[in-house]
Amino acid sequence: MLDLLHADFILLMARFDEPYRRYLHREFVRAERLSGVLGPRGVGKTTFLLQLIGETPDFLRSTLYVSLDSIHASGVQLYALADQFRRQGGRLLVLDEIHHYPDFERELKSIDDALDLQVVFSGSSALHLEHSKADLSRRAVMYAMSGLSFREYLELQTGEPFAVWPLEQVLAEHETLSLEINRRIRPLAHFGDYLKYGYFPYFRESVETYRRKLAQTLALAIDLDIPLLFKVERDKLASLKKLLMLLCQSVPNQINISKLSAAIGSSRSTTYAYLHYLEQASILRSVWGAGRNASMLSKPEKLYLANTNNAWALFPTPPAGTLRETFFASQLAHAHALRYPAEGGDFVVDDRWLFEIGGPGKTARQVEQHDNAYLALDDIEHGRGLRVPLWMFGFLY
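Residues numbered from 1 in each chain as written. Predicted model: local features only at pLDDT ≥ 70, side-chain atom pairs only at ≥ 80, totals over all residues. Heavy atoms only, no water.

Chemist: Tell me about the sheet that holds strand S6 (residues 284-289), and name the residues and values.
Modeler: The strands that make up a sheet pair up through hydrogen bonds in the backbone, lying either parallel or antiparallel. Ordered by their spatial adjacency, seven strands build an open sheet running S7-S6-S8-S9-S10-S11-S12, and the pairing between neighbours is mixed. Strand pairing shows two members of the sheet lacking a second neighbour, strand S7 (302-305) and strand S12 (387-389), which therefore form its edges. Taking each pair of neighbouring strands and ignoring which way they run, the sheet shows an average axis angle of 35°. Of the strand pairs in this sheet, strand S10 (residues 353-358) and strand S11 (residues 373-377) are connected by five bridges, and their pairing is parallel. Note that in S11 the partner of Leu-354 across the bridge is Ala-373. (Pairing = 2+ DSSP bridges. Helix = DSSP H or I, 4+ residues; strand = E, 2+ residues; numbered from the N terminus. Axes fitted to C-alpha atoms, helices over the stretch in contact; angles between N-to-C directions.)

Chemist: Explain the sheet that holds strand S3 (residues 92-96) to me, using residue names and the numbers behind them.
Modeler: Pairing within the open sheet is parallel, and its five strands lie in the order S2-S3-S4-S1-S5. Where the open sheet ends on each side, the last strands, each with one partner, are strand S2 (63-67) and strand S5 (141-144). For this sheet, the mean angle separating the axes of adjacent strands, direction not counted, is 15°. Pairing of strand S1 (residues 34-38) with S5, which is carried by four bridges, proceeds in the parallel orientation. What sits directly across from Ser-35, in S5, is Val-141. Across the sheet, helix H6 (residues 104-114) is in contact with S1, S3 and strand S4 (118-123); its angle to S4 comes to roughly 165°. (Contact = heavy atoms within 4.5 Å.)

Chemist: A description of the packing of aromatic side chains should follow, citing residues and the corresponding values.
Modeler: Applying the stated criterion across every chain yields a total of 28 aromatic pairs. Pairing Phe-355 with Phe-393 gives two aromatic rings, centres 5.6 Å apart and planes at 85°, and the pair type is edge-to-face. Here Phe-355 is found in strand S10, whereas its partner Phe-393 is found in the segment after S12, with 38 residues between them in sequence. A relative accessible area of 0% places Phe-355 in the buried class. With relative accessibility at 0%, the residue Phe-393 sits in the buried group. (Phe/Tyr/Trp six-rings, centres within 6.5 Å; stacked < 30°, edge-to-face > 60°. Buried < 20%, exposed > 50% of the residue type's maximum accessible area, 1.4 Å probe, protein only.)

Chemist: I'd like to hear about the pattern of salt bridges, residue by residue, with values.
Modeler: Charged atoms that come close allow side chains of opposite charge to pair. Across all of its chains, the model carries 24 salt bridges by this definition. The partner of Arg-184 in a salt bridge is Glu-160, and the shortest N-O contact between them spans 2.8 Å. Of this pair, Arg-184 sits in helix H10 (residues 167-184) while Glu-160 sits in the loop between helix H9 (150-158) and H10, placing them 24 residues apart in sequence. Look at Arg-184 and you get partly exposed, because its relative accessible area is 36%. (Salt bridge = Lys/Arg side-chain N within 4 Å of Asp/Glu carboxyl O.)

Below, the structure is given as structure tokens:
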């Protein structure tokens, strides 16, 4: 079995060629014994793992890559494979799509305890919370892999390198920074395309088929990943998909759980559970009010799709206001905490800054009485004072 898996690995590396390095390469610490990369389907986890392997000295001898959803990996005993690989001189074991392996938590624990081996694994974004009982959060350094930021999308489209800006720098220096970017490119000329097809790296394969592929990817997450991770019965998946389509047609802060439950023929508690599953699979994103904690038995103040591409894949023409807020949330949530404000504005970030999202004509009336309040405005190249171009929040990672 080891020889067969190694042969698959060599063939894969012979065909692999992706020079672009994403933000996670700067954050990932290679010295850890056990590391996990979690993220939604299609976000680029496999590409990242193969790039790590390619940067490993003598990787043909020292490294083994196994995709645990492949045919050749079916029936493999993970600990026995790791031990055999170590005895033959292996040092780095890379396990892709680990949530397809039953009881993987126990196997990883045994490998970490007993074998002198470095392990990097990838899996669904739902693993971190749902499997914390296995103490993975203490044993493994976990990395959440987000989709392409607007900055990364621009790098891929233009070939130009762009710096990452901390949020504090964007707010303090946005007038200077926006001038710098607009001297090099016209960001607004790319922004609308990013909202439609720029979040997942496979847009480079075909823009024309991107929307269809993303819809299929979302369906796979519901049909395969959610039943695997949450033990949802397969005859319930149609209701879960119907719930998702209904949410696409709802205003983010006007979700009626009773009506949704009646529409999909489920109880309120089941509907809440479905919302939780969709969020853990990185299909939805909830925003809770200040002082409230996420709960599977209560409704968040606002509920968005996880990124704007999901909105375009599932709904013919998403409302502009919802797209703006969805973009802001998707870019900020990577490294910041989002809350719904008690009064005025759309988001509180890190319990420190208040933001109102809108078009170029939006005024500061709703937030003018608050300290540290800003307007994040669409369709403007440059801002002034508290008026910050919305696209600039796409440079945070």
